[in-house]
Amino acid sequence: MDISFSSPPYHCVLNPIELVWARLKSHVRKNNTTPTLSASVCEHLREGVENINSNLWSSCVDHTIKVGERYWIQDTTGDGERFIVDLRESDTDDE
C-alpha cells in the first residue's frame, strides 16, 4: 500500500529516532552493573552507539511507516472509536 502521510514532528510513536533511542537505553540498562554514572556506563553507551547501523535505522523507519499507515487508515475509514462533542452552550452546570 502506498500511502503518504505527514507525521507530527514530535509524535513518539511515529518517529524512528525514538525506537533507536529505546534500543540504546536498553543496551546500557542490560549491560550496566553499577548504579552510578561511571566509566563503564560511558563504555556501554559507546558500544550501544556502535551497534546502531543502517539495518537498524531501516527497520525502525519501516516500522514507523507501517504504524503511520495503520493510523491513517483508521482515521479515514472510520474504524476507530467514535464520540460526539456537544459544543452548544449549556444553561446549567449539570449538563
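If you're wondering where the values come from, they're calculated on a predicted model, not measured in any experiment. (Residues numbered from 1 in each chain as written. Predicted model: local features only at pLDDT ≥ 70, side-chain atom pairs only at ≥ 80, totals over all residues. Heavy atoms only, no water.)

1. Some details on the overall build of the protein chain
Here comes step 1: A tally of helices and strands in the protein chain yields three helices and zero strands.
Here comes step 2: Overall, the protein chain shows an N-to-C arrangement of helices and strands of α-α-α.
Here comes step 3: Across the 95 residues that make up the protein chain, the buried fraction comes to 18%.
Here comes step 4: The long-range share in the protein chain, meaning contacts at least 24 apart out of those at least 6 apart in sequence, stands at 64%.
Here comes step 5: In the structure as shown, the protein chain presents an accessible area of about 8100 Å², 52% of it carried by carbon and sulfur atoms. (Helix = DSSP H or I, 4+ residues; strand = E, 2+ residues; numbered from the N terminus. Buried < 20%, exposed > 50% of the residue type's maximum accessible area, 1.4 Å probe, protein only. Contact = heavy atoms within 4.5 Å. Areas by Shrake-Rupley, 256 points an atom, 1.4 Å probe, with all protein chains shown as cover.)

2. Some thoughts on helix H2 (residues 39–50)
The α-helix winds at 3.6 residues per turn, so residues separated by three or four positions along the chain end up facing the same way.
Here comes step 1: The end-to-end C-alpha distance of H2, which contains twelve residues, comes to 17 Å, matching closely the 16 Å that a straight helix rising 1.5 Å per residue would cover.
Here comes step 2: Taken as a whole, H2 has its buried residues at Val 41, His 44 and Gly 48. Down the axis of H2, the buried side of the element spans an arc of 60 degrees, and every buried residue falls inside it. Exposed and facing more than 90 degrees away from the buried side of H2 are Ala 39 and Glu 50. (Expected span 1.5 Å × (residues − 1). Arc of directions from axis to C-beta.)

3. A few points about the packing of helix H1 (residues 16–31) against helix H3 (residues 54–77)
Here comes step 1: Where H1 contacts H3, the axes come no closer than 8 Å and their chain directions differ by 130 degrees. In terms of orientation, H1 lies oblique with respect to H3. Both H1 and H3 take part in a crossing whose hand is right-handed. Between H1 and H3, the residues in contact are Pro 16, Ile 17, Leu 19, Val 20 and Arg 23 and Leu 56, Trp 57, Cys 60, Val 61, His 63 and Thr 64, respectively.
Here comes step 2: A per-class count over the contact of H1 with H3 returns eight nonpolar, two polar and one charged. (Axes fitted to C-alpha atoms, helices over the stretch in contact; angles between N-to-C directions. Parallel < 35°, antiparallel > 145°, perpendicular 65-115°, else oblique. Left-handed = near helix turned anticlockwise from the far one by under 90°. Nonpolar A, V, L, I, M, F, W, Y, C, P; charged D, E, K, R; others polar.)

4. So, the side chain of His 44
Here comes step 1: Among the secondary structure elements, His 44 is positioned in helix H2.
Here comes step 2: Excluding anything up to four places from it in sequence, His 44 contacts His 27, Val 28, Asn 31 and Asn 32.

5. Quick notes on the confidence of the model for the protein chain
Here comes step 1: Of the residues in the protein chain, 79% reach a pLDDT of 70 or more, and the chain-wide mean stands at 82.
Here comes step 2: Between the elements of the protein chain, mean pLDDT differs from a low of 90, seen in H3, to a high of 93, seen in H1. (pLDDT = per-residue confidence, 0-100.)

6. Brief notes about the pattern of salt bridges
Here comes step 1: Inspection of every chain in the model, using the stated rule, returns two salt bridges.
Here comes step 2: Note that Arg 88 and Asp 86 form a salt bridge whose closest N and O atoms lie 2.9 Å from each other. (Salt bridge = Lys/Arg side-chain N within 4 Å of Asp/Glu carboxyl O.)

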